[in-house]
Amino acid sequence: MRRNAVIAFIIILLASCGHVSMPGRGSSAGSSQPGSNHNEEDASVPLRITAIDVGQGDATLIEAPSGEAMLIDAGPPGATDAAILPLLESRGVRELSQIIITHFHEDHTGGLSEVLAGRDGLAGTADDIKVKGDIYVRGIEENSAGGDGTGWTAWQDSYPRRIAHAGDRIKLGDCDVEVVAADGMLEDGTAIDYGEPPDENARSIALLISYAGFRMFVAADITGGGGDPPYQTPDIETPLAPLIGKIDVLRAAHHGSNTSSNQAFLDAAKPDVAIISVGDGNDYGHPHADVVERLLASGAAVYQTERGLLEIDEPTIAHGPITISVKESGQYDITLPGDD
Ligand SMILES: [Zn+2]
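Residues numbered from 1 in each chain as written. Predicted model: local features only at pLDDT ≥ 70, side-chain atom pairs only at ≥ 80, totals over all residues. Heavy atoms only, no water.

Participant: Whenever I open this one, the side chain of Q304 confuses me. Can you help?
Facilitator: Position of Q304 relative to the elements: it lies in strand 16 (residues 301–304). In this structure Q304 comes out as buried when scored by relative accessible area, which is 0%. Within polar-contact distance, the side chain of Q304 engages the backbone oxygen of E306 at 2.8 Å. Polar side-chain contacts of Q304 include one of 3.0 Å to the backbone oxygen of R307. (Helix = DSSP H or I, 4+ residues; strand = E, 2+ residues; numbered from the N terminus. Buried < 20%, exposed > 50% of the residue type's maximum accessible area, 1.4 Å probe, protein only. Polar contact = N/O pair within 3.5 Å; in protein donor to acceptor, adjacent residues only side chain to side chain.)

Laid out in structure tokens, this is it:
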């Protein structure tokens, strides 16, 4: 949307000043308010989406206008205490409506048991994070070929599991979370060959979040045909691009890997803001400089949770959670920690 483009431009201007304070609100990442309700700090911000800094991994929290909250992925093992649980506590989130585990890789599933167990690390105690609805997965089988997922056995008997299908819509009040790809199927019925052995990243659940005209694509680790020769990943992004169209914010695929964020996808999506979830000191070369250059060239302001192995200066490095606050008008702003 035009007005969102203007907002994004303002964000770029502010970010380019070397200071990470964003318009509207200060960071709430460091303030702990146990027992407070969602959005209590600012009732004029109905929807809040937070890219949590879990190091090399992925976790996204949606706090909806209805007061419901959804967690998309749970980061790697060990990141929970430092990142996810403190954030849930500071936002007053003690119950999740749903959890979506995009695929069975440890950097997305490994923290799940820790999240559910709460701050004391013990399941079945008063501080457990409750799940009101379902835990969505891309399929029911455990550790399929190509996946190294963990955390499954710890929670599979405790919470209802539900297979996400492309085309599924999860309503969080007026916020719509749409499954646009899952297990190699796209919402228009297209089936992508995810190879043999299966490429687990290509099987990811990918989500389109819509609210009041605001549109954000959470790509998980879907692939776009890139890779290190001779291996070439299955291309989910190119056929998915026309189904998604223009978006405001992109949660970039696969930690900024060169498997993903291909040009055809970016040409269609034209994100104003791109967020890369990546950890310092990772072993994967994430994010790839070519990908970051492509995102910048597409006109996106690029944010990263951590620097990773990037040597380009343009992206804004949050060193903490990146919060997108969306107003009832569909306008949004971005808040980073460390703005004091
Ligand atoms: Zn990943």
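Participant: Explain the coordination of the zinc ion to me, please; I cannot follow it from the model alone.
Facilitator: A four-donor tetrahedral metal ideally has 109.5 degree angles, and a six-donor octahedral metal ideally has angles of 90 or 180 degrees. Within the first shell, the zinc ion binds the protein through D107 (OD), H108 (NE2), D221 (OD) and H255 (NE2), at distances of 2.1 to 2.2 Å. Coordination at the zinc ion is irregular, judged from the four donor atoms that bind it and the angles of 86 to 158 degrees they form at the metal. In the primary structure, the donors to the zinc ion are separated according to the pattern D-H-x112-D-x33-H. Taken as a pair, D107 in helix 3 (residues 106–109) and D221 in the loop between strand 13 (214–218) and helix 6 (237–244) lie far apart in primary sequence, 114 residues in all. By relative accessible area, D107 is classed as buried at 18%. (Donors = N, O, S within 2.8 Å, 3.2 Å for Na, K, Ca; no water. Tetrahedral: all angles 85-135°; square planar, octahedral: opposite > 155°, others 65-115°.)

Participant: Looking at this structure, I do not really get the side chain of T102. What am I missing?
Facilitator: As for its position among the elements, T102 is in the loop between strand 5 (98–100) and helix 3. Assessed through its relative accessible area of 1%, T102 is described here as buried. There is a polar contact of 2.8 Å between the side chain of T102 and the side chain of D73. Once residues lying within four places of it in the same chain are set aside, the contact partners of T102 are I72, D73, H108, R138, R203, S204, I205 and A220. (Contact = heavy atoms within 4.5 Å.)

Participant: I keep staring at unusual backbone geometry and nothing clicks. Help me out?
Facilitator: For residues besides glycine, phi is generally negative; the peptide bonds are generally trans as well. Between E196 and P197 the backbone carries a cis peptide bond, its omega angle lying at 0 degrees. Within the secondary structure layout, P197 lies in the loop between strand 11 (185–186) and strand 12 (206–211). The omega torsion of the bond from H286 to P287 falls at -10 degrees, within 30 degrees of zero and hence cis. Locating P287 in the fold gives a position in the loop between strand 15 (273–276) and helix 8 (289–297). Of note, D73 is a non-glycine position whose phi angle comes to about 70 degrees, a positive value. Classification of D73 by relative accessible area gives buried; the value is 1%. For S261, which is not glycine, the phi torsion reads 55 degrees and is therefore positive. Here S261 lies in the loop between strand 14 (249–251) and helix 7 (263–269).

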